[in-house]
Amino acid sequence: MENTTAKRILDVAQDMVRNRGYSAFSYADISKQVGIRKASIHYHFPSKDELVKELVKRYRKGMVEACDRIAQSPMSPDQQIIQFANLYRNGLEDGQICLCAMLAADFVVLPEAVHTEIQAFFRDTEVWLIQLLQRGCDANGWDCQPDQEAKGLIALLQGAQLLARSSANSTATFEQVVYPLLTAKFSKP
């Protein structure tokens, strides 16, 4: 169980990274929002790199849990793909994009420990999608290559977030880009 102060620090840092990126936030920014001194943040997270590593671990765990909830639902595979896409869509309502997509843009300046966590996030997500796509191929006769399609879906959703973020109505733009493609590719025949 997370310490309440540590959780608040991670919550604020996550919002900042998902809105601004790795390089555009500091302990001073977090300190102002949480209402504690920077020294208190250092007590919980000795460095920004350690904070971001823990942030990615927590985000990854949240994504795994969200995917598990989708997989355990009684929905069909095509409906589950839409629910997965909604995970990316919903962040846009708060002006946020996927934490790991945002950090991947800064990948070269991040430490190895953060690289490992980001890569694990993408690997976990891809493995889950491969399983979902395989179920769709088996149950619905989808014409797809699950290994290739999983990477393409992740790229589609993260790219759509980036594109949508710059539009006047990010949610509508995301929906216009993503849902017609998903429906055309993965709807029941």
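Not measured: the values here are computed from a predicted model.

Participant: I'd like a description of the overall build of the protein, backed by residues and values.
Facilitator: Looking only at helices and strands, the protein has 9 helices and 0 strands in total. Order of helices (α) and strands (β) in the protein, N terminus to C terminus: α-α-α-α-α-α-α-α-α. Over its C-alpha atoms the protein spans a radius of gyration of 18 Å, differing by no more than 12% from the 16 Å that the globule rule assigns to 189 residues. In terms of its C-alpha atoms, the protein occupies a principal-axis envelope of roughly 60 × 35 × 30 Å.

Participant: Residue-level account of the side chain of threonine 171, with values.
Facilitator: Checked against the element boundaries, threonine 171 lands in helix α9 (residues 170–186). For threonine 171, a relative accessible area of 13% puts it in the buried group. Apart from the residues lying within four places of it in its own chain, the contact partners of threonine 171 are Arg89, Leu92 and Glu93.

Participant: If you had to explain the nonpolar core to someone new, which residues and values would you point to?
Facilitator: Judged by nonpolar contacts, the single largest core of 57 residues is most densely connected at Ile30, Leu51, Phe84, Leu103 and Phe174. Of all the elements in the fold, those that place two or more residues in this core are α1 (4–20), α2 (27–34), α4 (48–72), α5 (77–92), α6 (99–104), α7 (112–140), α8 (146–165) and α9. Beyond its immediate sequence surroundings of up to four residues, leucine 103 is in contact with Val17, Tyr22, Val52, Val56, Leu110 and Ile118.

Participant: Go over the packing of α4 against α7 with me, naming the residues and quoting the values.
Facilitator: Direction vectors running N to C along α4 and α7 enclose 10°, while the axes themselves pass 8 Å from each other. For the element pair α4 / α7, the angle class is roughly parallel. Taken together, the residues of the contact of α4 with α7 break down into 14 nonpolar, 1 polar and 8 charged.

Participant: Please provide a residue-by-residue account of the packing of aromatic side chains, values included.
Facilitator: Here the structure, examined in full by the defined rule, presents 6 aromatic pairs. The interplanar angle of 35° and the centroid separation of 5.6 Å between the aromatic rings of tyrosine 59 and phenylalanine 121 together place this pair among those described as tilted. Placement of the pair is tyrosine 59 in helix α4 and phenylalanine 121 in helix α7, with a sequence separation of 62 residues. Here the two residues tyrosine 59 and phenylalanine 121 agree in accessibility, since each one is buried. The structure contains a cluster of three or more aromatic residues connected by ring pairs, namely Tyr59, Phe121 and Phe122. A cation sits over an aromatic face here: lysine 48 above tyrosine 22, 4.4 Å from the ring centre. Residue placement shows lysine 48 over the ring face of phenylalanine 25; its charged tip is 4.5 Å from the ring centre.

The rules behind each value
Each chain carries its own residue numbering, running from 1 in the written order of its sequence. Side-chain atom pairs in this predicted model are given and counted only at pLDDT of 80 or more, local residue features only at pLDDT of at least 70, and totals for whole chains, interfaces and linings cover all residues. Water and hydrogen atoms were dropped before computing side-chain values, which therefore reflect all heavy atoms in the structure. Only DSSP runs of H or I reaching four residues or more are called helices, and only runs of E reaching two or more are called strands; each is numbered from the N terminus. As a reference, a globule follows 2.2 Å times the number of residues to the power 0.38, and the radius of gyration itself is taken over C-alpha atoms. Think of it in three bands: with a 1.4 Å probe and only protein chains considered, a residue is buried below 20% of the maximum accessible area for its type, exposed above 50%, and partly exposed in between. Working rule for contacts: check all heavy atoms of both residues, and any pair within 4.5 Å makes them a contact. What is meant by a nonpolar core is a set of buried Ala, Val, Leu, Ile, Met, Phe, Trp, Tyr and Cys residues, joined one to another through side-chain atoms within 4.5 Å. Note on geometry: axes are lines fitted to C-alpha atoms, helical ones only across the stretch in contact, with angles between N-to-C directions running from 0 to 180 degrees. For classification, angles of less than 35 degrees are called roughly parallel, those exceeding 145 degrees roughly antiparallel, those between 65 and 115 degrees roughly perpendicular, and all remaining angles oblique. Side-chain classes follow a simple rule in which Ala, Val, Leu, Ile, Met, Phe, Trp, Tyr, Cys and Pro form the nonpolar group, Asp, Glu, Lys and Arg form the charged group, and the remainder, Gly included, forms the polar group. Here a Phe, Tyr or Trp ring, Trp counted by its six-membered ring, pairs with any other such ring whose centre lies within 6.5 Å, and the pair is stacked when the planes are under 30 degrees apart, edge-to-face when over 60, and tilted otherwise. In this scheme, the term charge over a ring applies when either NZ of a lysine or CZ of an arginine sits within 6 Å of the ring centre and within 35 degrees of the ring normal.

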